[in-house]
Amino acid sequence: MRLSTRGRYGLKAMFQLALHYGEGPIPLSSIANAQELSENYLEQLVSTLRKAGLLNSVRGAQGGYMLAMSPKDITVGSILRVLEGDMAPADCVIENANGCEKEDNCVTKLVWIQIRDSINQVIDSISLQDMLNEQVDMESKKSEA
């Protein structure tokens, strides 16, 4: 399974906002520049994230975007699901989806279920705060070297 640019860029943008959590709204241009992303494309992503309740926006000259809650309360999974949809590797294991006619005798469905559950466990166990902590660890290791 491979994430689209929506998921990858959206996670980068959310991480950038987590770096500035509590500082007020951050202009979209600052987020785009810091993460080397297209501002126009990013605008579509933050709109989706705002509608999902993960971001707040402020209009005006001092406006921009900020996390709607603490970085510890936003998981990678919540971000990716908003931008990518269900993280299942096959349609037959998507929650509330119609199965296929061979579902009762499908040996591979067990594999898809285990992959889906493993992916969900990992992405739901990592918060933006965990990513911030990892960034601090990486920077301290660089300064020690």
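What counts as what
- Sequence order as written defines the numbering, with residues in each chain counted from 1.
- The model is predicted, so local features are restricted to residues of pLDDT at least 70 and side-chain atom pairs to those at 80 or more, both for listing and for counting; the totals for chains, interfaces and linings are taken over all residues.
- Values reported for side chains reflect all heavy atoms of the structure, with hydrogen atoms and water molecules removed beforehand.
- A run of H or I in DSSP becomes a helix once it reaches four residues, and a run of E becomes a strand once it reaches two; helices and strands are each numbered from the N terminus.
- Buried residues are those whose accessible area, probed at 1.4 Å on protein chains only, stays under 20% of the maximum for their type, while exposed residues exceed 50% and partly exposed ones sit between those limits.
- Here a residue-residue contact requires only that any non-hydrogen atoms of the pair lie within 4.5 Å.
- Under the convention used here, a 1.4 Å probe and the Shrake-Rupley method define accessible areas, while residue burial counts only the protein chains that appear.
- Residues counted as positive are Lys and Arg, residues counted as negative are Asp and Glu, and His and the chain ends are not counted.
- Working definition for charges: the position is that of NZ of Lys, CZ of Arg, CG of Asp or CD of Glu.
- To qualify as a nonpolar core, a set must consist of buried Ala, Val, Leu, Ile, Met, Phe, Trp, Tyr and Cys residues joined through side-chain atoms within 4.5 Å.
- The rule is short: rings of Phe, Tyr and Trp, with Trp giving its six-membered ring, pair when the centres are within 6.5 Å, and they are stacked under 30 degrees, edge-to-face over 60, tilted in between.
- The span one expects for a helix is its residue count, reduced by one, times 1.5 Å.

**Student:** Let's hear about the overall build of the protein chain: which residues, and what values?
**Tutor:** Looking only at helices and strands, the protein chain features six helices and two strands. Moving toward the C terminus, one meets the helices and strands of the protein chain in the order α-α-α-β-β-α-α-α. On the principal axes, the C-alpha backbone points of the protein chain span a range of 60 × 40 × 25 Å. Looking at the 145 residues of the protein chain, the share that counts as buried comes to 30%. Here the contacts in the protein chain between residues at least 6 apart in sequence split such that 65% fall between residues at least 24 apart. When the accessible surface of the protein chain is split by element, carbon and sulfur atoms take 48% of a total near 9000 Å². In the protein chain, which carries 14 positive and 19 negative side-chain charges, the distance between the mean positions of the two groups comes to 4 Å.

**Student:** How would you summarise the nonpolar core if you had to cite specific residues and measurements?
**Tutor:** By size, the foremost hydrophobic cluster in this structure holds 28 residues, and its most contacted members are Met 14, Leu 42, Leu 55, Leu 67, Ile 79 and Leu 128. Those elements giving two or more residues to this core turn out to be helix H1 (5–19), helix H2 (28–35), helix H3 (39–51), strand E2 (64–67), helix H4 (76–84) and helix H6 (128–144). Sort the elements by how many residues they give to this core and H1 lands first, with six residues. Leaving out residues up to four positions away in the same chain, Ile 79 has contacts with Gly 10, Leu 11, Met 14, Leu 49, Leu 54, Ile 74 and Leu 128.

**Student:** Describe the packing of aromatic side chains, naming the residues involved and giving the relevant values.
**Tutor:** Applying the stated criterion across every chain yields a total of one aromatic pair. Seen in terms of ring centroids, Tyr 9 and Tyr 41 are 5.7 Å apart; in terms of plane orientation they differ by 80°. Their pairing is edge-to-face. With Tyr 9 in helix H1 and Tyr 41 in helix H3, the pair connects residues that are 32 residues apart, well separated along the chain. Look at Tyr 9 and you get partly exposed, because its relative accessible area is 25%.

**Student:** Can you break down H1 residue by residue, with the values?
**Tutor:** Taking 1.5 Å per residue, 15 residues should reach 21 Å; H1 reaches 21 Å between its end C-alpha atoms and fits that length. Buried within H1 are the following residues: Gly 7, Gly 10, Leu 11, Ala 13, Met 14, Phe 15, Gln 16, Leu 17 and Ala 18. Lining the buried residues of H1 we find H2, H3, strand E1 (55–58), E2, H4 and H6.

Take it as geometry only, folks, not as evidence of what the structure does.
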